[in-house]
Amino acid sequence: YYDDTMKQVAESEKEGMIIGDGLLGFKGDNGLYGVMTYDGKILVEPAYQNTPDLIGNGLLKTTLKDEAGNYLYGLTDKSGKVIFEPKYYSISELSEGYLYAKEQSGSKTTLLIAPDGHIISDKIEGSPNSGLCEDIEKGKYLILNTGKTLDLTDKKSIGSLGTGMIYARDENTKLYGAYELFDG
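Now for a look at the structure at hand. (Residues numbered from 1 in each chain as written. Predicted model: local features only at pLDDT ≥ 70, side-chain atom pairs only at ≥ 80, totals over all residues. Heavy atoms only, no water.)

1. Digging into the sheet that holds strand β4 (residues 42-48)
Within a beta sheet, neighbouring strands are joined by backbone hydrogen bonds and run either parallel or antiparallel to one another.
So, point 1. Strands sit in the order β1-β2-β3-β4 across an open sheet of four strands; the sheet is antiparallel. The sheet is open, and its two edges are formed by β1 (16-20) and β4, each paired on a single side. Neighbour to neighbour, the strand axes of the sheet diverge by 25° on average, direction disregarded.
So, point 2. Bridge count between strand β3 (residues 33-37) and β4: three bridges; the pairing is antiparallel. Bridge pairing in β4 links Met36 to Ile42. (Pairing = 2+ DSSP bridges. Helix = DSSP H or I, 4+ residues; strand = E, 2+ residues; numbered from the N terminus. Axes fitted to C-alpha atoms, helices over the stretch in contact; angles between N-to-C directions.)

2. Quick word on unusual backbone geometry
Most peptide bonds take the trans configuration, and most residues that are not glycine carry a negative phi.
So, point 1. We note that Asp21 has phi near 55°; this positive angle belongs to a residue other than glycine.
So, point 2. Secondary-structure assignment places Asp21 in the loop between β1 and β2 (23-27).
So, point 3. Overall, the relative accessible area of 54% leaves Asp21 in the exposed class.
So, point 4. For Lys174, which is not glycine, the phi dihedral falls at a positive 65°.
So, point 5. Mapping Lys174 onto the fold places it in the loop between β17 (165-170) and β18 (176-180). (Buried < 20%, exposed > 50% of the residue type's maximum accessible area, 1.4 Å probe, protein only.)

3. A look at the nonpolar core
One broad trend across soluble globular proteins is that nonpolar side chains are buried collectively.
So, point 1. Judged by nonpolar contacts, Ile55, Leu59, Leu75, Phe84, Tyr88, Ile91, Leu99, Ala101, Leu111 and Ile113 together constitute the single largest core of 10 residues.
So, point 2. Elements with a contribution of two residues or more to this core: β8 (82-88), β10 (99-102) and β11 (109-113).
So, point 3. Among residues more than four places away in sequence, those in contact with Leu111 are Tyr88, Leu99, Tyr100, Ala101, Glu103, Ile119, Ser121 and Asp122.
So, point 4. Grouped together as the second largest cluster of nonpolar side chains are nine residues, Leu94, Tyr100, Ile120 and Leu142 included. (Core = buried A, V, L, I, M, F, W, Y, C linked by side-chain atoms within 4.5 Å. Contact = heavy atoms within 4.5 Å.)

4. A short note on the packing of aromatic side chains
So, point 1. Considering all chains together, one arrives at three aromatic pairs under this definition.
So, point 2. Measuring from centroid to centroid gives 5.7 Å for Phe84 and Tyr88, while their planes differ by 75°, and the two rings are edge-to-face.
So, point 3. Residue classification places Phe84 among the buried residues on the basis of a relative accessible area of 10%.
So, point 4. Since its relative accessible area comes to 3%, Tyr88 is described here as buried.
So, point 5. Lying over the aromatic face of Tyr73, Lys61 brings its terminal NZ or CZ to 5.0 Å of the ring centre. (Phe/Tyr/Trp six-rings, centres within 6.5 Å; stacked < 30°, edge-to-face > 60°. Lys NZ or Arg CZ within 6 Å of the ring centre and 35° of its normal.)

5. Observations regarding the pairing of β2
So, point 1. Counting buried positions over the five residues of β2 gives four, a clear majority of the element.
So, point 2. For β1 and β2, the ladder comprises four bridges, and the chain directions are antiparallel. When the bridges of β2 are listed, Ile18 appears paired with Leu24.
So, point 3. Hairpin connection between β1 and β2: a loop of two residues separates the two successive antiparallel strands, and Asp21 in this loop has a positive phi of roughly 55°.
So, point 4. As defined by bridge partners, β2 adjoins β3 across five bridges and the pair is classed as antiparallel.

Right, dumping it as structure tokens:
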């Protein structure tokens, strides 16, 4: 195996590809894919339809097909511990290591997943935005690290200040404030 600079990083007879972070995806004798380190230590046994993708903060997105031929996605950590079995229609990256998943095609609700793989919320309507400023109800925002709600229904002129930051104007004082949505 060679990296982008054509430097040899590993040697193996197994068919596969470099995933990143010192990991290789490989095809097992069963025709399915797993993950090993550059020195050949198998971390994830070959059990998946495609080579697992590195996603978020060092998690691996895994793929299986159901009986109808639909691809389903799950997550494992780099040690091979399964976080979610492949059961989601999609898993996508946002920013800051956060992910979101849809349980089925056309689903109106989305799961928001923290960088460590735990579900923060399963009640987000639509797809989260990359700014991580989730208006889960009119004027109510999701605090990402706790899953609690920041209620700004008494504020006006609410908008995004960038990743995980919003501003709001107090109705009474007419002054603006900023809220950081990672811890509230």
